[in-house]
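Next come the chains, spelled out residue by residue.
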Amino acid sequence: MPRIASVLLPMPLPEAFDYAEPEGLELVVGDHVSVPLGPRTVRGVVTALREGAGGNRRLKPVLARVDDPRLPANVITFVEWAARYSVDVPGWPLAMALRGLRHPPAKPEKAVALTGVQPARMTPARLKVLAAAEHGPLSAAELARQAGVSAGVVKGLVDEGALEPVLVAADDSIAQPDLSLPAQALNPSQKAAADEMADMLAAGGFQAALLDGVTGSGKTEVYLEVAAAALEADPAAQVLVLLPEIALTQAVMGRFEQRFGAAPIEWHSGVSPPRRRRAWEAVADGRARIVVGARSALFLPFSNLKLIVVDEEHDGSFKQEEGFIYQARDLAVARAKIEGALVVLASATPSLESLWNAHQGRYRWLRLGARHGTAQLPDVHLIDMRATPPEPGRWLSPTLVKAVSLTLQKGEQSLLFLNRRGYAPLVLCRACGEKLKSPDSDSWLVEHRYTGRLVCHLTGFSMKKPEACPHCGAKDSLVSIGPGVERVEEEARYLFPDARIAVFSSDTVFDPAGARALVDSMAAGEIDILVATQAAAKGHNFPNLTLVGVIDADLSLRGGDLRAGERTFQLLAQATGRAGRHEKPGRAYLQTYSPEHAVLQALKAQDRDAFVEAEMAMREEAGLPPFGRLAAVIASGPDAEALEAYVQALAAATPNAEGVEVYGPADAPLGLVRGRRRKRFLVRAGRNVDLPGFMAAWRARAKVPNSVRVTIDIDPYSFL
DNA sequence: AGCACGCCGACT
DNA sequence: GTCGGCGTGCTC
């Protein structure tokens, strides 16, 4: 009886395609194969095998098996689950799962090995080479280097037959963790949490824990010990640590290396393709025990994953917003479920979703106390910008200026935090009132003085700042409105001409090495005032930093985003948590126009529980996450009429479902991006509704014109 | 995603 | 008269 192989291809096809299994190939689920697709040959993965012929149509045969490590069955399950959850084609998550395989496997390397033949004439240099070659084959260059002689000596020995050229497998050894190294010293609170998670691991099966501890409470030590417990309990166990940003991986890699004597496998977009290939293979065959990476590491082919740690679980960077849209924290929980693993969500300021799950008992809630004698909470002051405004055209209020000045006098460091890149977020013409926008988009152009350009942060468009208004032609009429970090730096330089000032934003720091250098320089006390965006808000430890000034604490409270309050609280808690992490007391000053706002009051009181309680009540009232679920549909296209017709048809086709409300269509807040008009629907559903199922069924009920692109975003974070 | 098939402008 | 632009549609 012939068999049919379902082959999933890493392409936007709606489902796996069926192929005939050729005589004698004996495929297995998870095999990589090459198959014909129309006129070309593509690679895919076998996701199912069943008996039968092609039925009514003749199937094309699988061409060949590709010799790459098989994709574990759990990964296929995960890929299919992720596609359904995200209301997208399975080819996208599959493509992510295969991202380590794009680079060809390492080829055998040329080396030379001893033959046993003695050279006719022996010299001291030749003796050294032959001695060095005893430890096994080496490349000629490496052998010469180790023997401390020139390459000519090696070549001479090859010519005389004492050494022969051989091919050896490329070095793909992976350093293994040493579990006999001493554990970290844990305080009682850390120990209790680590022990409880070790018990959960021992119990086996899917489990979830929320590791909830203020900045400086030592979450990393705790999960290092949980990782140690997992690795010790099962000699084949694998551990995955997810971090929100590449910039944090170096620090965490270092902690693991210290603890286990070997660097973990690193996985993120900055890792070179050959290294990725090595990492992928090592994960697939189990040699990689510990992986530290960004959200895409979730798709690696672990075969015995026992622990997933999602560090800084509240961080919005875990939400992938482009291409295949997913929330890595939520998918991590799903993957842990599929693998029967323990998932640990760690944060000083957990998301409301996770707190709610902990409240409901779905996650084990492990709270860490502040570490004795180290973390001192800063004094938080609200500066009412209505009562004590800065001078016109300036952004630092007199209160904050005085605080910075005092800090400078004491020889301590200040951090001025403003989550806005560039010099000014808006340029407008005083003559005609025109706001300069990106062509084909509704977003303002941001002025960057370092480069003298106007930049669209949405589309990447940039232009030289014009002399005259492009709209009315008036000369010298363009004015810069509002502050960015560059402008705050300018003001700080003017106010404190002798201070050493640096800016930390994605415009001054573009790689982990640059971030490292700036952080080291700050830690070494070579900077007095650091002006920073979000890039510096977390993960660093500056012993002499005692003042944090938040230029615009209201910034993320504006704009109708349901998570605005939460994000502001988290960001400010992180930023103020910077101040006074050591013996020196810290102070935080928050500039605000609405000091009475619940978020700011909770911050001032350092009262997370009060904030969470208020915010939860508000969300429950409105049926918003975590009490309800949201989804967005964004339809865009260059043809306004076709787009309008489509969204009307989609609106008319809304299925009538219990517990689901559909709002829209409305113009998206950024109604025009890159020349495409954008319309959006928002869907609110009860927790028990199969929202992906509803969305998939709905989308299928209206034909999409080919000029229109439709994106479904489950649990949207961005409301633009 | 690729790649072919398909109908309208400047060219050996 | 052709070469080729990229719009539209399909791939088991």
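Quick notes on the rules
Residues numbered from 1 in each chain as written. Chains lettered and ligands numbered in written order. Predicted model: local features only at pLDDT ≥ 70, side-chain atom pairs only at ≥ 80, totals over all residues. Heavy atoms only, no water. Helix = DSSP H or I, 4+ residues; strand = E, 2+ residues; numbered from the N terminus. Buried < 20%, exposed > 50% of the residue type's maximum accessible area, 1.4 Å probe, protein only. Contact = heavy atoms within 4.5 Å. Near = heavy atom within 4 Å. Polar contact = N/O pair within 3.5 Å; in protein donor to acceptor, adjacent residues only side chain to side chain. Nonpolar A, V, L, I, M, F, W, Y, C, P; charged D, E, K, R; others polar. Salt bridge = Lys/Arg side-chain N within 4 Å of Asp/Glu carboxyl O. Axes fitted to C-alpha atoms, helices over the stretch in contact; angles between N-to-C directions. Parallel < 35°, antiparallel > 145°, perpendicular 65-115°, else oblique. UniProt positions renumbered as here; feature names shortened; annotations may be inferred. Phe/Tyr/Trp six-rings, centres within 6.5 Å; stacked < 30°, edge-to-face > 60°. Domains from an automatic or database assignment. Buried area = accessible area lost by both parts, 1.4 Å probe. Pairing = 2+ DSSP bridges.

Trainee: For this particular structure, what's the right way to read the overall build of chain A?
Mentor: Counting its regular elements, chain A contains 19 helices and 31 strands. On the principal axes, the C-alpha backbone points of chain A span a range of 90 × 75 × 60 Å. Looking at chain A as a whole, 52% of its 720 residues are labelled buried. Counting only contacts in chain A whose residues sit at least 6 apart along the sequence, the fraction spanning at least 24 positions is 75%.

Trainee: I keep staring at the protein's contact with DNA strand C and nothing clicks. Help me out?
Mentor: Around DNA strand C sit Leu13, Phe17, Asp18, Tyr19, Pro36, Leu37, Gly38, Arg57, Leu59, Lys60 and Asn706, and those are all the residues in its vicinity. The share of sugar and phosphate among atoms of DNA strand C within 4 Å of the protein is 59%. Between DNA strand C and the protein, one listed contact pairs a phosphate oxygen with a side-chain N or O atom of Lys60 at 2.6 Å. A distance of 3.1 Å separates a phosphate oxygen of DNA strand C from a polar atom in the side chain of Asn706. For the surface near DNA strand C, the elements supplying multiple residues, two or more each, are strand 2 (17-20) and strand 3 (32-37). Among the elements that line the surface near DNA strand C, the one with the most residues is strand 2, at three residues.

Trainee: Just to check I follow, could you spell out the protein's contact with DNA strand B for this structure?
Mentor: Lining the immediate surroundings of DNA strand B are Met11, Pro12, Pro39, Arg40 and Trp92. Considering DNA strand B, the proportion of its atoms within 4 Å of the protein that are sugar or phosphate atoms stands at 61%. Between a base nitrogen of DNA strand B and a side-chain N or O atom of Arg40, the distance comes to 3.3 Å. Grouping the constituent residues of the surface near DNA strand B by class yields four nonpolar, no polar and one charged.

Trainee: Could you clarify how one ought to interpret the pattern of salt bridges in this entry?
Mentor: Any two side chains of opposite charge can pair, on the condition that their charged atoms come close. Counted under the stated rule, the structure contains 40 salt bridges. For Arg329, the salt bridge is made with Asp330, and the minimal N-O distance between the two is 3.1 Å. Residue Arg329 is classed as buried on the basis of its relative accessible area of 3%. Among the ionic pairs, Arg563 bridges to Glu353, the shortest N-O distance being 2.6 Å. One end of the pair, Arg563, is in the loop between strand 26 (545-550) and helix 15 (564-578); the other, Glu353, is in helix 11 (residues 352-359), with 210 residues separating them in the sequence. Owing to a relative accessible area of 11%, Glu353 belongs among the buried residues under this scheme. Residues participating in the shared-partner salt-bridge network are Arg43, Asp68, Arg277 and Glu281.

Trainee: How do you make sense of the environment of Leu415 when you look at a structure like this?
Mentor: Counting through the fold element by element, Leu415 comes out in strand 18 (residues 413-417). When the C-alpha positions of Leu415 and Val531 are compared, they lie 5.9 Å apart, and in sequence the two are 116 residues distant.

Trainee: How do you make sense of the packing of helix 3 (residues 124-133) against helix 5 (residues 151-159) when you look at a structure like this?
Mentor: To describe two helices that pack against each other, one gives the angle between their axes and the distance between the axes. Between helix 3 and helix 5, the least distance of the axes is 10 Å, while the angle of their chain directions is 80°. Here helix 5 runs roughly perpendicular to helix 3, going by the angle between their axes. On helix 5, the residues touching Ala125, Arg126, Val129 and Leu130 of helix 3 are Val153, Val154, Gly156 and Leu157. Taken together, the residues of the contact of helix 3 with helix 5 break down into six nonpolar, one polar and one charged.

Trainee: Teacher, can you tell me more about unusual backbone geometry here?
Mentor: Excluding glycine, residues mostly carry a negative phi; peptide bonds, for their part, are mostly trans. Residue Pro626 is bonded to the preceding Pro625 through a cis peptide linkage, with omega at 5°. Take Pro626: it is sitting in the loop between helix 17 (608-622) and strand 28 (628-637). Of note, the amide linkage connecting Gly664 to Pro665 takes the cis form, showing an omega dihedral of 5°. Note that Pro665 resides in strand 29 (residues 660-673). With a phi close to 50°, Glu26 is a non-glycine residue in the positive phi region. Despite not being glycine, Asp715 shows a phi value in the positive range, around 60°. Residue placement: Asp715 occurs in the segment after strand 31 (709-714). Since its relative accessible area comes to 12%, Asp715 is described here as buried.

Trainee: When you look at the environment of Glu596 in this model, what are you seeing that I'm missing?
Mentor: Position of Glu596 relative to the elements: it lies in the loop between strand 27 (587-592) and helix 16 (598-604). Sequence spacing of Glu596 and Asp384 is 212 residues, and the spatial spacing of their C-alpha atoms is 9.4 Å. Beyond its immediate chain neighbours, meaning those up to four positions away, Glu596 contacts Arg386 and Gln601.

Trainee: What should I look at first to understand the environment of Gln250 in this one?
Mentor: Locating Gln250 in the fold gives a position in helix 8 (residues 246-260). For the pair formed by Gln250 and Val117, sequence separation is 133 residues and the distance between their alpha carbons is 48 Å.

Trainee: Would you mind showing me how to read the UniProt feature "binding site: Zn(2+) 1" (unreviewed entry) in chain A here?
Mentor: Mapped onto this numbering, the UniProt entry annotates "binding site: Zn(2+) 1" (unreviewed entry) at Cys429, Cys432, Cys469 and Cys472. Maximum C-alpha separation among the annotated residues is 8.5 Å over a sequence range of 44 residues, consistent with a single clustered spot. With a relative accessible area of 3%, Cys469 lands in the buried category. Ignoring sequence-local partners within four residues, the contact set of Cys469 consists of Cys429, Cys432, Glu434, Ala474, Ser477 and Leu478. By the secondary structure assignment, Cys472 is in the loop between strand 22 (462-464) and strand 23 (478-481).

Trainee: Would you mind showing me how to read the packing of aromatic side chains here?
Mentor: What describes a pair of aromatic rings is the distance from one ring centre to the other and the angle between the planes of the rings. The full count for this structure, using the stated rule, is 11 aromatic pairs. Aromatic side chains Trp81 and Tyr85 sit 4.9 Å apart centroid to centroid with 10° between the ring planes, which places their arrangement in the stacked category. Here Trp81 and its partner Tyr85 are both found in helix 1 (residues 73-85), four residues apart, which amounts to about one turn of the helix. For the ring pair Phe694 and Trp698, a centre distance of 6.0 Å and an interplane angle of 45° mean the geometry is tilted.

Trainee: How should the domain arrangement of chain A be read in this particular structure?
Mentor: A common measure of how large an interface is: the accessible area buried when the components associate. When the domains of chain A are assigned, the result is domain 1 (3-101), domain 2 (109-168), domain 3 (188-368), domain 4 (379-422 + 483-622), domain 5 (426-481) and domain 6 (629-714). Spacing between the C-alpha centres of domain 4 and domain 5 amounts to 27 Å. Residue-level contacts link 10 residues of domain 4 with eight residues of domain 5. A combined buried area of about 680 Å² lies between domain 4 and domain 5, and 47% of that area is made up of carbon and sulfur atoms.

Trainee: Would you mind showing me how to read the sheet that holds strand 31 here?
Mentor: Within a sheet, adjacent strands bond to each other through the backbone by hydrogen bonds, running parallel or antiparallel. Reading across from one edge, 29-30-28-31 is the order of the four strands in this open sheet, with antiparallel pairing throughout. Strand pairing shows two members of the sheet lacking a second neighbour, strand 29 and strand 31, which therefore form its edges. Averaged over neighbouring strand pairs, the angle between their axes works out to 20° when direction is ignored. Strand direction decides the pairing type here: strand 28 and strand 30 (residues 676-686), joined by 10 bridges, are antiparallel. If you follow Arg629 over to strand 30, its bridge partner there is Ala685. The strands that helix 18 (residues 640-652) touches are strand 28, strand 29, strand 30 and strand 31; relative to strand 30, the one it contacts most, it runs at about 15°.

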